[in-house]
Amino acid sequence: MSEAHSPWKLGTYWYDKESVSLMQVKEAGIACIELNLDNDILPEEALTPAMRTRYQQAVDAAGKAGIEIWSVHLPFGNPWDISAFNDAERMAIIEAHTHVMDWARDWGAQVVVIHPSFEPIPDEQREQRLKLAAASVRELSERAHARGLKLAVEDLPRSCLGRDSAEIAALISSAPHAVVCCDTNHLLTEKPEEFIRSIGSRIGTLHISDYDGVDERHWIPGRGIVNWPEVLQALMDSGYGGPFMFEANYKDPHDLVQCYQGLMKLVSDARAP
Ligand SMILES: [Zn+2]
């Protein structure tokens, strides 16, 4: 299959503390990135002018390399948990995410990815925490919309909120501007192709990687149990038009490009008469 028929542009997560440069990413043939920020630090440490300057350097380097910043992954960890029980705390967390969304808008991103919770979520709290997270998603998705961004709610593993399509559907049900980030290696009770078919056109971005079905692994596709022809077909059927965004551990970005070409060949072979 020629590249002209490839339905999606190629993207990868990128974090400035890893060793691959944006020039290397671009030269390998990757068009866009999801910019990752420091996680698990307090908002007052994360939102300083020095941190902004650091990220701005990455954004400038992307511009120089000709790479699009498609998305920004909002920070996660306890201090960023939008399902926090205490209302004043939850409101402060919404403000902190809004601050990062202002940055993302200035960086030209189209999407901001958010985790519906941190972990663990005790069973007896689950229902209430889902309601709190849904309220936060509603508020943050409106704020994102006002900034020309789409808030993408990501499916998560283990006891985290949003661990299957039913929970994700509940989290976005009162947030018409919210979309979904489908992470193909986070679903432990549902196949990713089932998740994609259930969420359908609300999928707004992707985290593509493979796993063993036991826990998240962030392997390059092909190493694990994901049925890639099914996943790709489900994405095509849902009309997904964003980038094919990898969130897989890699050393050489050429490995991602090669992987993508192999996946596209699987699709064209499946369609061949
Ligand atoms: Zn994530």
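Structural data are supplied above this passage.
Owing to the predicted nature of the structure, the values given are computational and were not obtained by experimental measurement.

Basis of the calculations
- By convention here, each chain's residues receive numbers from 1 onward along its written sequence.
- Predicted model: local features are reported for residues with pLDDT of at least 70 only, side-chain atom pairs are reported and counted for 80 or more only, and whole-chain, interface and lining totals are derived from all residues.
- Side-chain figures throughout are based on the complete set of non-hydrogen atoms in the structure, without hydrogens or water.
- When accessible area is computed with a 1.4 Å probe and restricted to protein chains, residues below 20% of their type maximum are described as buried, those above 50% as exposed, and intermediate ones as partly exposed.
- Only DSSP runs of H or I covering at least 4 residues are called helices, and only runs of E covering at least 2 are called strands; the numbering of each starts at the N terminus.
- Arc definition: directions from the helix axis to the C-beta atoms.
- What makes two residues a contact is simply this: any of their non-hydrogen atoms within 4.5 Å.
- Two strands pair under a simple rule: DSSP has to find at least two bridges between them.
- Each axis is a line fitted through C-alpha atoms, and for a helix only the stretch in contact is used; angles between axes span 0 to 180 degrees, taken between their N-to-C directions.
- Because water is not among the atoms used, a metal site may look incomplete, as its donors are only the N, O and S atoms within 2.8 Å, or 3.2 Å for Na, K and Ca.
- Note on terminology: a nonpolar core comprises buried Ala, Val, Leu, Ile, Met, Phe, Trp, Tyr and Cys residues joined through side-chain atoms within 4.5 Å.
- Identification of polar contacts relies on pairs of N or O atoms within 3.5 Å, with a donor-acceptor requirement for protein atoms, meaning one able to donate a hydrogen and the other able to accept it, and with residues adjacent in sequence counted only if both atoms are side-chain atoms.
- We call Phe, Tyr and Trp rings a pair once their centres come within 6.5 Å, taking the six-membered ring for Trp, and we label the pair stacked below 30 degrees between planes, edge-to-face above 60, and tilted otherwise.
- A side-chain nitrogen of Lys or Arg and a carboxyl oxygen of Asp or Glu constitute a salt bridge if their distance falls within 4 Å.
- Whether a crossover is right-handed comes down to one check: with the strands pointing away from the viewer, does the path from the first strand over the helix to the second run clockwise; if it does, it is right-handed.

Engineer: What am I meant to see in helix H6 (residues 165-172) here?
Structural biologist: Structurally, the α-helix is built with 3.6 residues per turn, so residues lying three or four positions apart point the same way. Of all the positions in H6, only Ser-165, Glu-167, Ile-168, Leu-171 and Ile-172 are classed as buried. Buried residues of H6 fall within an arc of 160° about the axis and therefore sit on the same side. Where the residues of H6 are buried, they touch helix H5 (126-146), strand S5 (150-154), strand S6 (179-183) and helix H7 (192-199).

Engineer: Looking at this model, I keep getting lost on the sheet that holds strand S2 (residues 32-36). Mind explaining?
Structural biologist: Adjacent strands of a sheet pair through backbone hydrogen bonds, lying either parallel or antiparallel. Across the sheet, which stays open at both edges, the eight strands sit in the order S7-S6-S5-S4-S3-S2-S1-S8 with parallel pairing between neighbours. Looking along the sheet, the strands with just one partner apiece sit at the ends: strand S7 (203-207) and strand S8 (244-246). Strand-to-strand twist of the sheet, defined as the mean angle between neighbouring strand axes without regard to direction, takes the value 30°. The sheet contact formed by strand S3 (residues 68-73) and strand S4 (residues 111-114) spans three bridges and is parallel.

Engineer: Mind showing me how you'd approach the coordination of the zinc ion here?
Structural biologist: Tetrahedral coordination by four donors places them ideally at 109.5 degrees to one another around the metal; octahedral coordination by six donors ideally gives 90 or 180 degrees. All of the protein donors around the zinc ion are His-73 (NE2), His-115 (NE2) and Glu-154 (OE); their distances to the metal are 2.1 Å. Counting residues between consecutive donors of the zinc ion along the chain gives the motif H-x41-H-x38-E. Linking His-115 in the loop between S4 and H5 with Glu-154 in strand S5, this pair joins segments that are 39 residues apart in sequence. With respect to burial, His-115 and Glu-154 carry one shared label: buried.

Engineer: Is there a simple way to explain the nonpolar core in this structure?
Structural biologist: In globular proteins that are soluble, nonpolar side chains generally tend to be buried together. One finds Leu-35, Val-72, Phe-244 and Phe-246 to be the most contacted residues of the largest nonpolar core, which totals 84 residues. Counting residues in hydrophobic clusters, the runner-up holds eight residues, among them Trp-70, Val-111, Val-179 and Cys-181.

Engineer: Just checking my understanding: could you explain the side chain of Ser-159 for this structure?
Structural biologist: Residue placement: Ser-159 occurs in the loop between S5 and H6. A residue is classified by how much of its surface remains accessible, and Ser-159, at 17% relative accessible area, is buried. A polar atom in the side chain of Ser-159 sits 2.9 Å from the backbone nitrogen of Ile-121. Other than its neighbours up to four places away in sequence, Ser-159 contacts Glu-119, Pro-120, Ile-121 and Arg-126.

Engineer: Can you help me understand the packing of aromatic side chains in this one?
Structural biologist: Each aromatic ring pair is characterised by the separation of its centres together with the angle its planes make. Enumeration according to the criterion identifies eight aromatic pairs in this entry. Here the aromatic rings of Tyr-55 and Trp-103 are separated by 6.0 Å at their centres, their planes lie at 55°, and the arrangement is tilted. With Tyr-55 in helix H3 (residues 49-65) and Trp-103 in helix H4 (residues 87-106), this pair connects stretches of sequence that are 48 residues apart. Both residues of the pair, Tyr-55 and Trp-103, count as buried. Ring centres 5.0 Å apart and planes at 45° place the aromatic pair Phe-244 and Tyr-260 in the tilted group. On the criterion of sequence distance, the pair formed by Phe-244 in strand S8 and Tyr-260 in helix H9 (residues 253-271) is long-range, its members being 16 residues apart.

Engineer: Help me understand the pattern of salt bridges in this model?
Structural biologist: Note on pairing: side chains with opposite charge can pair once their charged atoms come close. What the rule picks out here adds up to 19 salt bridges. Notably, a salt bridge pairs Asp-106 with Arg-105, separated by 3.1 Å at the nearest N-O pair. Note on Asp-106: relative accessible area 44%, which makes it partly exposed. The salt bridge partner of Arg-126 is Glu-167, with a shortest N-O separation of 2.8 Å. Linking Arg-126 in helix H5 with Glu-167 in helix H6, this pair joins segments that are 41 residues apart in sequence. Here Arg-126 matches Glu-167 in class, with each residue buried. A single network of salt bridges, built from pairs that share partners, joins Arg-52, Asp-102, Arg-105, Asp-106 and Arg-147.

Engineer: What is the right way to read the environment of Lys-26 from this model?
Structural biologist: As for its placement among the helices and strands, Lys-26 is situated in helix H1 (residues 22-28). Remark: the alpha-carbon pair of Lys-26 and His-145, spanning 119 residues in sequence, is separated by 29 Å. Those residues in contact with Lys-26 that sit more than four places away from it in its chain are Ala-65, Gly-66 and Ile-67.

Engineer: Mind showing me how you'd approach the pairing of S7 here?
Structural biologist: The side chains of a regular strand alternate between the sheet's two faces. Along S7, five of the five residues are buried, which leaves the element largely enclosed by surrounding structure. The pairing of S6 with S7 spans four bridges and is classified as parallel. Across the sheet, the residue bridging to Val-180 is Ile-203, located in S7. Considered for its hand, the β-α-β crossover made up of S6, H7 and S7 is right-handed.

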